[in-house]
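This is what each chain is made of:
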Amino acid sequence: MTDGPHFNNILLGGRGGTNPGQFKVHSGGLAWKRQGGGKTIEIDKADVTSVTWMKVPRAYQLGVRIKDGLFYRFIGFREQDVSSLTNFIQKNMGVTPDEKQLSVSGHNWGGIDIDENMLTFMVGSKQAFEVSLPDVAQTQMQGKTDVLLEFHHDDTTGANEKDSLMDISFHVPTSNTQFVGDENRPPAHILWETILKFADVGSSEEPVVTFEGIAILTPRGRYSVELHLSFLRLQGQANDFKIQYSSIVRLFLLPKSNNPHTFVVITLDPPIRKGQTLYPHIVIQFETEAVVERDLALSKEILAEKYKDRLEESYKGLIHEVFTKVLRGLSGAKVTRPGSFRSCQDGYAVKSSLKAEDGLLYPLEKGFFFLPKPPTLILHEEIEFVEFERHGAGGASMSSHYFDLLVKLKNDQEHLFRNIQRNEYHNLFNFINGKNMKIMNLGGDGQGTSGVVTDVLRDTDDDAVDPHLERIKNQAGDEESDEEDEDFVADKDDSGSPTDDSGDEDSDASDSGGEKEKSSKKEASSSKPVQKRKPKGRDEDGPEKKKTKKKKDPNAPKRAMTPFMYFSMAERGNMKNSNPDLPTTEIAKKLGEMWQKMSSEEKQPYIQQAQVDKKRYEKESAVYRGEAPVDVDSGNESD
């Protein structure tokens with residue numbers, strides 16, 4: 001397959017706004033992948049019917065129409081990209097792109113061109129705008145000269161906080177010659193009838209099939225699930241969601257191991273929003289053995305013309321299978337089922353916990369999926385490396401029965417799946433190793449961590465715990481700690497992190513601020529002169545740092561981090577993704593509250609990481625002290 005040019009920051013146009021991503025063209029077709037992960041669009045060259053170029057404000061737009069009537073708009077190409085991309089498409093795909101011109105006159109009168117399911121408003125020979133007729137939910141006559149189009153509402157468009165086109169009205173004079181009518185059927189009525197042939201009218205009233213009383217875990221509640229021609233509706237006592245099929249990225253059908261329930265997950269891009277919470281996954285739980293029989297409210301003509309080989313007139317079988325088949329037929333989304341992985345109990349998943357929530361981790365052929373709460377999908381291509389923790393510990397401690405799996409993503413986000421049973425280690429290790437993922441615990445990774453975790457875990461005792469752990473527990477949720485945490489950037493090695501010259505105790509800004517406040521209160525209440533406390537990390541006879549601050553030696557070893565800082569690094573990204581509008585100070589406060597509520601067992605992985613880092617620092621410090629000149633401030637701890 002011949003690879004063509006790649007283009008970054010290309011926008012995918014739509015009724016609810018645009019999304020940036022990477023556009024790629026090759027001899028087999030076209031592909032667009034959303035920036036930051038999510039929706040991927042792949043178009044086979046055999047499905048392409050036409051390609052058009054159009055000059056739009058500050059860029060060029062590439063329009064691609066495929067056989068089933070869908071039309072994609074890719075925006076953001078430069079002028080020099082047009083010729084190279086045109087030549088590649090002509091040579092490798094056998095399609096010659098046409099050039100269209102955009103009307104910028106601002107005129108609101110012109111003609112209408114309906115090509116298959118796309119309505120284009122033309123001003124002269126130039127295009128003013130276009131809309132997809134399958135997005136039309138209702139159309140009606142207003143008087144004898146006006147045609148009103150109402151578009152489907154989609155709860156996923158609110159996640160992008162973009163404006164979305166909801167209705168538009170066309171005025172068709174009785175003298176119109178494009179849509180010729182008569183006294184009983186004026187030109188506007190002819191246009192209305194033409195639009196009716198392609199619009200998705202009526203599906204908002206009568207669903208194709210309905211499933212009553214379905215238990216949905218995310219967003220939680222019992223819903224009536226209605227499947228319409230172009231959207232699905234979740235109707236509950238407190239919530240009502242309407243989701244276009246175009247927002248569905250993929251379906252997952254995942255049975256529970258030795259459990260009478262089966263998960264069906266609908267992955268969305270963009271996600272639906274409820275208040276400030278985003279739901280990129282709808283997690284439905286069906287009774288595995290429940291059998292249903294459903295007839296579809298579709299005529300034989302529609303089944304034959306639009307859904308040939310995709311839908312049947314009626315279905316009978318297990319409820320999760322019937323639901324998935326109908327939804328797949330209507331939406332066109334692909335279904336992912338469990339792959340080759342099997343647990344010790346011959347199941348498809350292993351028991352684990354994520355963010356203090358117990359659940360199941362499904363190792364799939366192209367990713368990992370943790371369910372049910374919080375539903376977390378990790379694609380293999382997004383993973384930087386994985387690391388097995390606590391897998392080599394001996395003795396009768398908890399570590400001899402469980403291990404943890406750390407998954408580090410390329411965007412520096414981390415997911416720690418805790419308390420996986422030890423007998424699942426070999427199956428999980430062999431699966432991950434077979435997918436050629438980087439495993440940090442293996443020798444020869446060049447990271448210097450191989451084997452260290454095991455040794456530290458075997459030697460764990462109470463004395464090895466961070467001496468300031470209790471203080472962090474008590475103060476992690478205070479307002480002062482928010483200020484410190486706001487300055488701490490988990491994914492960068494900055495000198496303001498706990499690796500600076502001030503020592504471990506001084507790395508907690510909340511504590512140092514508290515000491516200053518107490519000191520000022522004592523000075524105010526006492527008539528006796530108060531001797532100033534000697535700052536930590538400063539020689540008794542040495543000058544003050546404000547006057548003669550020495551630069552940190554770049555060769556000095558990086559200080560060890562506290563367990564709370566490791567916890568913040570692991571959870572900050574998840575907290576930001578779940579609460580994108582939350583200020584940094586509030587994120588820090590919530591992390592502190594989470595840390596306070598965690599049990600000793602839940603904190604143990606972060607304590608262990610801190611212990612490993614502390615041993616690393618002590619070892620590097622010993623080497624550094626032996627080589628560095630005496631007058632250089634090495635930043636050693638004042639333990």
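As the structure is a prediction and not an experimental result, all values here were calculated from the model.

Caption draft 1: Quick look at the overall build of the protein chain. Counting its secondary structure elements, the protein chain contains 13 helices and 31 strands. The buried share among the 639 residues of the protein chain stands at 46%. Of the roughly 33600 Å² that the protein chain leaves accessible, carbon and sulfur atoms contribute 46%.

Caption draft 2: Helix 12 (residues 584-597), seen in detail. Between its first and last C-alpha atoms helix 12 spans 20 Å; for 14 residues at 1.5 Å apiece the expected length is 20 Å, and the two agree. Inspection of helix 12 places Ile 587, Ala 588, Leu 591, Gly 592 and Trp 595 among the buried residues, and these make up the whole buried set. Here the buried residues of helix 12 occupy an arc of 140° about the axis, which is enough to place them on one side.

Caption draft 3: Representation of the pattern of salt bridges within the structure. Tallied over the entire structure, the rule returns 10 salt bridges. The shortest N-O distance in the salt bridge between Arg 616 and Asp 613 comes to 2.6 Å. With a gap of 3 residues between them, Arg 616 and Asp 613 both fall in helix 13 (residues 600-627), about one helical turn apart. The class of Asp 613 is buried, set by a relative accessible area of 12%.

Caption draft 4: Representation of helix 4 (residues 319-331) within the structure. With 13 residues, helix 4 ought to run about 18 Å at 1.5 Å a step, and its terminal C-alpha atoms sit 18 Å apart, in line with that. Burial analysis of helix 4 places 10 of its 13 residues in the buried class, the great majority of the element. Buried within helix 4 we find Ile 319, His 320, Val 322, Phe 323, Thr 324, Val 326, Leu 327, Gly 329, Leu 330 and Ser 331. Directly after helix 4, the chain includes Gly 332, whose backbone phi takes a positive value near 80°.

Caption draft 5: Molecular detail of the sheet that holds strand 24 (residues 335-336). A sheet is described by the order of its strands in space; here 8 strands give the open sequence 18-17-16-15-21-20-19-24, paired in mixed fashion. Here the strands that pair on one side only, and so sit at the sheet edges, are strand 18 (240-244) and strand 24. As defined by bridge partners, strand 16 (residues 221-227) adjoins strand 17 (residues 231-236) across 5 bridges and the pair is classed as antiparallel. The residue bridging Val 225 from the neighbouring strand is Leu 234, located in strand 17. Across the sheet, helix 4 touches strand 15 (209-218), strand 16, strand 17, strand 19 (248-255), strand 20 (261-274), strand 21 (277-287) and strand 24, and the angle it forms with strand 19 is around 165°.

Caption draft 6: Quick look at the packing of aromatic side chains. The tally for this structure, following the rule as stated, stands at 23 aromatic pairs. With a centroid separation of 5.4 Å and an interplanar angle of 90°, the aromatic rings of Phe 23 and Phe 77 are classed as edge-to-face. One end of the pair, Phe 23, is in strand 2 (residues 17-26); the other, Phe 77, is in strand 7 (residues 71-77), and 54 residues separate them in sequence. Of the two residues, Phe 23 and Phe 77, both sit in the buried class. An angle of 40° between the planes, with centres 5.9 Å apart, marks the rings of Phe 370 and Phe 417 as tilted. Here Phe 417 lies in strand 31 (residues 414-421) and Phe 370 lies in strand 27 (residues 367-371), a separation of 47 residues in the sequence.

Caption draft 7: Expanded view of the packing of helix 11 (residues 563-578) against helix 12. Helix 12 packs onto helix 11 with a crossing angle of 125° between their chain directions and a minimal axis gap of 10 Å. It follows that helix 11 is oblique to helix 12 by the angle criterion. Where helix 11 crosses over helix 12, the two elements pack in a sense that is right-handed. Residues Pro 563, Phe 564, Phe 567, Ser 568, Glu 571, Arg 572, Met 575 and Lys 576 of helix 11 form the contact with helix 12, whose own contacting residues are Thr 584, Ile 587, Lys 590, Leu 591, Gly 592, Met 594 and Trp 595.

Caption draft 8: Representation of the environment of Glu 212 within the structure. Turning to its location among the elements, Glu 212 is positioned in strand 15. Residues Glu 212 and Val 225, spaced 13 residues apart in sequence, show a C-alpha to C-alpha distance of 6.4 Å. Sequence-distant contacts of Glu 212, that is, excluding residues within four places in its chain, are made with Tyr 223 and Ser 224. In terms of polar contacts, Glu 212 uses its side chain to reach the side chain of Ser 224, at 3.2 Å.

Caption draft 9: Representation of the environment of Pro 20 within the structure. Along the chain, Pro 20 falls in strand 2. Of the residues examined, Pro 20 reaches a relative accessible area of 32% and is grouped as partly exposed. Note: C-alpha distance between Pro 20 and Gln 35 (15 residues apart in sequence) is 5.8 Å. Residues contacting Pro 20, with those up to four places away along its chain left out, are Ile 10, Leu 11, Trp 32, Arg 34 and Gln 35.

Caption draft 10: The sheet that holds strand 11 (residues 126-132), seen in detail. Taken in spatial order, the 3 strands make up an open sheet running 9-10-11, and their pairing is antiparallel. Strands at the two margins of the open sheet, each flanked by one partner only, are strand 9 (111-115) and strand 11. Strand after strand, the sheet turns through a mean of 25° between neighbouring axes, direction not considered. The pairing of strand 10 (residues 118-123) with strand 11 spans 6 bridges and is classified as antiparallel. Opposite Leu 119, over in strand 11, you have Val 131 as the bridge partner.

Caption draft 11: Seen up close, the pairing of strand 16. Burial runs high along strand 16: 5 of the 7 residues are buried. Here strand 15 runs beside strand 16; their pairing, made up of 6 bridges, is antiparallel. Paired with Ile 214 across the strands is Tyr 223, a residue of strand 16. Linking strand 15 back to strand 16 in an antiparallel pair, the connection comprises 2 residues. Connecting the antiparallel pair strand 16 and strand 17 is a turn made up of 3 residues.

Definitions and cut-offs
- Residues numbered from 1 in each chain as written.
- Predicted model: local features only at pLDDT ≥ 70, side-chain atom pairs only at ≥ 80, totals over all residues.
- Heavy atoms only, no water.
- Helix = DSSP H or I, 4+ residues; strand = E, 2+ residues; numbered from the N terminus.
- Buried < 20%, exposed > 50% of the residue type's maximum accessible area, 1.4 Å probe, protein only.
- Areas by Shrake-Rupley, 256 points an atom, 1.4 Å probe, with all protein chains shown as cover.
- Expected span 1.5 Å × (residues − 1).
- Arc of directions from axis to C-beta.
- Salt bridge = Lys/Arg side-chain N within 4 Å of Asp/Glu carboxyl O.
- Pairing = 2+ DSSP bridges.
- Contact = heavy atoms within 4.5 Å.
- Axes fitted to C-alpha atoms, helices over the stretch in contact; angles between N-to-C directions.
- Phe/Tyr/Trp six-rings, centres within 6.5 Å; stacked < 30°, edge-to-face > 60°.
- Parallel < 35°, antiparallel > 145°, perpendicular 65-115°, else oblique.
- Left-handed = near helix turned anticlockwise from the far one by under 90°.
- Polar contact = N/O pair within 3.5 Å; in protein donor to acceptor, adjacent residues only side chain to side chain.

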